[in-house]
Amino acid sequence: MNDMNLKQKDQLLDKAIASCLLFLIGSIGSSHVFAEERKMTAWLHEIKFGVLHHDTGGLWSNFRRESGVDLNLETIFSPHIQFLGGTIRPALGGSVNTVGDTSKLYTGMRWQYEHSSGLFSGIGLGGAIHDGKLHLHHSDRKALGSRVLFHIPVEIGYRFNAKGSLSIFFDHVSNAYFAAANEGMDTLGGRLGYRF
């Protein structure tokens, strides 16, 4: 009986989160709400929300110019392929800087390995677009050289139940010297995940 109640609660929670996402992206239609919820949860694998230290110095990019905190939201989609004991899935996300420095949208493929203990790790490769500076005009803004950048995320975390996870997330963006200015930028912080 308790297992049945837990399953029903999980289904209700899935529907509630899917409804909120549909509302946020403006796709709720009064006569199609339930059909859209089912379609969305079929395509969604996991959503993650994070708070990240913006332009973290001393890591890949070596120095810091910008400041503030980034609020990060990412969706990992259900379609996948098995590879090297893990799964590769498409991801779409974005980070908004709280003090008006560089914000970005990104997409790419994410490989993730999950151990039976609940520990998991992942790495990805993709692209990002940003609203930051391309050239060095101000000492407090990074010169990123190109509007389109490579995006490399790395994540290590723990899945504390079938639905929830906590993780440490790092990502790097740069143009890999395809443009003259290439100061690059890193973020580092924590994320909370919810799996459908």
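What this report covers is the structure whose coordinates are included nearby.

Criteria and cut-off values
Residues numbered from 1 in each chain as written. Predicted model: local features only at pLDDT ≥ 70, side-chain atom pairs only at ≥ 80, totals over all residues. Heavy atoms only, no water. Buried < 20%, exposed > 50% of the residue type's maximum accessible area, 1.4 Å probe, protein only. Helix = DSSP H or I, 4+ residues; strand = E, 2+ residues; numbered from the N terminus. Pairing = 2+ DSSP bridges. Phe/Tyr/Trp six-rings, centres within 6.5 Å; stacked < 30°, edge-to-face > 60°. Lys NZ or Arg CZ within 6 Å of the ring centre and 35° of its normal. Salt bridge = Lys/Arg side-chain N within 4 Å of Asp/Glu carboxyl O.

**Some words on the pairing of strand E9 (residues 185–195)**
In terms of burial, E9 is largely enclosed, as eight of its 11 residues are buried. Pairing geometry for strand E1 (residues 44–54) and E9, over nine bridges, is antiparallel. Bridging from a neighbouring strand, Val51 pairs with Gly190 of E9. Pairing of strand E8 (residues 164–174) with E9, which is carried by 10 bridges, proceeds in the antiparallel orientation. Each bridged residue has a counterpart across the sheet, and for Phe170 the counterpart in E9 is Leu188.

**Notes on the packing of aromatic side chains**
Across all of its chains, the model carries two aromatic pairs by this definition. Taking 6.0 Å as the distance between ring centres and 40° as the angle between the ring planes, the aromatic pair formed by Phe150 and Phe178 counts as tilted. Of this pair, Phe150 sits in strand E7 (residues 148–159) while Phe178 sits in the loop between E8 and E9, and the two are 28 residues apart along the sequence. Residue Phe150 is classed as partly exposed on the basis of its relative accessible area of 38%. When its relative accessible area of 70% is taken as the criterion, Phe178 is described as exposed. Measuring from ring centre to ring centre gives 5.4 Å for Tyr194 and Phe196, while their planes differ by 90°; the resulting arrangement is edge-to-face. When sorted by exposure, Tyr194 lands in the same class as Phe196, which is buried. A cation sits over an aromatic face here: Arg159 above Phe120, 5.3 Å from the ring centre. The residue whose ring lies beneath Arg191 is Phe169, and the NZ or CZ to ring-centre distance is 3.8 Å.

**Observations concerning the pattern of salt bridges**
A side chain with one charge can pair with a side chain of the opposite charge if their charged atoms come near. The final tally for this structure, using the stated rule, is 13 salt bridges. The closest approach of N and O atoms between Arg195 and Glu46, which form a salt bridge, is 3.9 Å. Of this pair, Arg195 sits in strand E9 while Glu46 sits in strand E1, and the two are 149 residues apart along the sequence. Glu46 sits in the buried class, given a relative accessible area of 1%. Close ionic contact of Glu74 with Arg110 constitutes a salt bridge, the shortest N to O distance being 2.7 Å. Placement of the pair is Glu74 in strand E2 (residues 69–77) and Arg110 in strand E5 (residues 104–114), with a sequence separation of 36 residues. Judged by its relative accessible area of 5%, Arg110 is buried. Each of the salt bridges in this network shares a partner with another, and the network as a whole consists of Lys48, Glu74, Arg110, Glu155 and Arg191.

Any functional reading would require information beyond the geometric quantities listed.
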